[in-house]
Amino acid sequence: MNATTTTTRATEIVLPGVVEPAGLHVQVRDLPAPGEGQVVLRMDATGVSFAEQQMRLGKYYDQPAFPFVPGYDVVGTVVGTGPGVDRDLRGHRFAAVTKVGAWASHLIVEAADLVPVPDGVDAAAAETVVVNGVTAWQMMYRTAKVERGDTIVVLGANGGVGSTLVQLARHAGIKVIGTASARHHDAVRELGAIPVDYRDPNMYAHIRELAPEGVDAVFDHVGGPALHDSWRLLRRGGALVNYGSAATKDEPGNAMLPVLKLFGRLMLWNLLPNGRRAGFYNFWAGKRFRAAAFRARLAEDLTQVFALVKASVLTPQIAARVPLSEAGAALALAESRTVLGKVVIVPEP
């Protein structure tokens, strides 16, 4: 397990502060040698999630101080190993969740955070389902605990998490009602959901017409005042899973206030004696105090998702592949809300 010591030159995309997507910087530097238990990963694919969109505005909880390199997750090939790491990992492809740092040609990652990517699975396809796939899987099976024959509502069924939720649910024999703009209805229908126009002011009334007895789960990343309408869709025993506050993304002021309001509202609803549940899904829950258990759970769930991709049960929705040097354009495209799936950042041609 001897370490490799070759110096690695890395190209990184830097978020310098609260800027427009075009304000990202490119820097080139030598990476330090990987430390104990670390590897150097050559990026094969990374991507743009809602987290980076919030970080650009300085509104993501617990984000680093500016400037920093964004990049929530990555798929890459090990090209260097630190002390205590098996050198046989070199040349093999892995996925990792980083929270920041993945918008780079090369980066240093803890070996314990690596999850193998199956042979034959394209790097961009794998990247599309790292955070999105784990989020969808855990919300369905660990939080909402939905079952075959249930009916669920997925807000933003054309998005990265939403499109994954729809496919996982349909594979499990669950009826899905998915909201999306009219331009994406054919694609949402092809994924297996009944589409409803999220721009329609009567959207929730239309959903109730489709499920007059209520639904078993609602997956809501929008938050805001309409969260109450999502709650009212539930039948007894149903679960509301909130995993974001897109409705307040552009509001000025403290980024935590909308989230704290969400927590308070969800906690209050949980106390009501009506048999319904409400909760906020946090991808990082347990990481700080039970890191080993967190890593084991993430690896188990992501391995399940990768297996479905390899079996062609789950089709990753790749909105676009954008070179690393054009990360600003990738971020702008993701923020345009015009795409189906995830915008993926790939190495330079």
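Residues numbered from 1 in each chain as written. Predicted model: local features only at pLDDT ≥ 70, side-chain atom pairs only at ≥ 80, totals over all residues. Heavy atoms only, no water.

If you check an unreviewed UniProt entry, the chain appears there as NADPH2:quinone reductase from Lentzea albidocapillata.

K.L.:
Any details on the sheet that holds strand β10 (residues 194-197)? Residues and values, ideally.
P.N.:
If you walk across this open sheet you meet the six strands as β10-β9-β8-β11-β12-β13, and the pairing is parallel. On the outer flanks of this sheet lie β10 and β13 (277-280), each paired with one strand and no other. Across this sheet, the average inter-strand angle for adjacent strands is 15°, counted without regard to direction. (Pairing = 2+ DSSP bridges. Helix = DSSP H or I, 4+ residues; strand = E, 2+ residues; numbered from the N terminus. Axes fitted to C-alpha atoms, helices over the stretch in contact; angles between N-to-C directions.)

K.L.:
An account of the domain arrangement of the chain is needed here, citing residue identities and associated values.
P.N.:
Entries for the chain in the domain assignment read domain 1 (9-122 + 316-346) and domain 2 (130-280). In total, domain 1 and domain 2 occlude about 1600 Å² of area from one another, counting both sides; carbon and sulfur atoms represent 62% of this. Sorting the residues of domain 1 by area buried against domain 2 places Phe50, Lys59 and Leu340 first, and these three jointly supply 33% of that buried surface. Linking domain 1 to domain 2 there are zero salt bridges. At the boundary of domain 1 with domain 2, the tally comes to four residue pairs in polar contact (both at pLDDT 80 or more). Those elements that provide at least two residues to the side of domain 1 that touches domain 2 are β4 (73-81) and β5 (93-97). Tallying contributions element by element places β5 first for the side of domain 1 that touches domain 2, with three residues. (Domains from an automatic or database assignment. Buried area = accessible area lost by both parts, 1.4 Å probe. Salt bridge = Lys/Arg side-chain N within 4 Å of Asp/Glu carboxyl O. Polar contact = N/O pair within 3.5 Å; in protein donor to acceptor, adjacent residues only side chain to side chain.)

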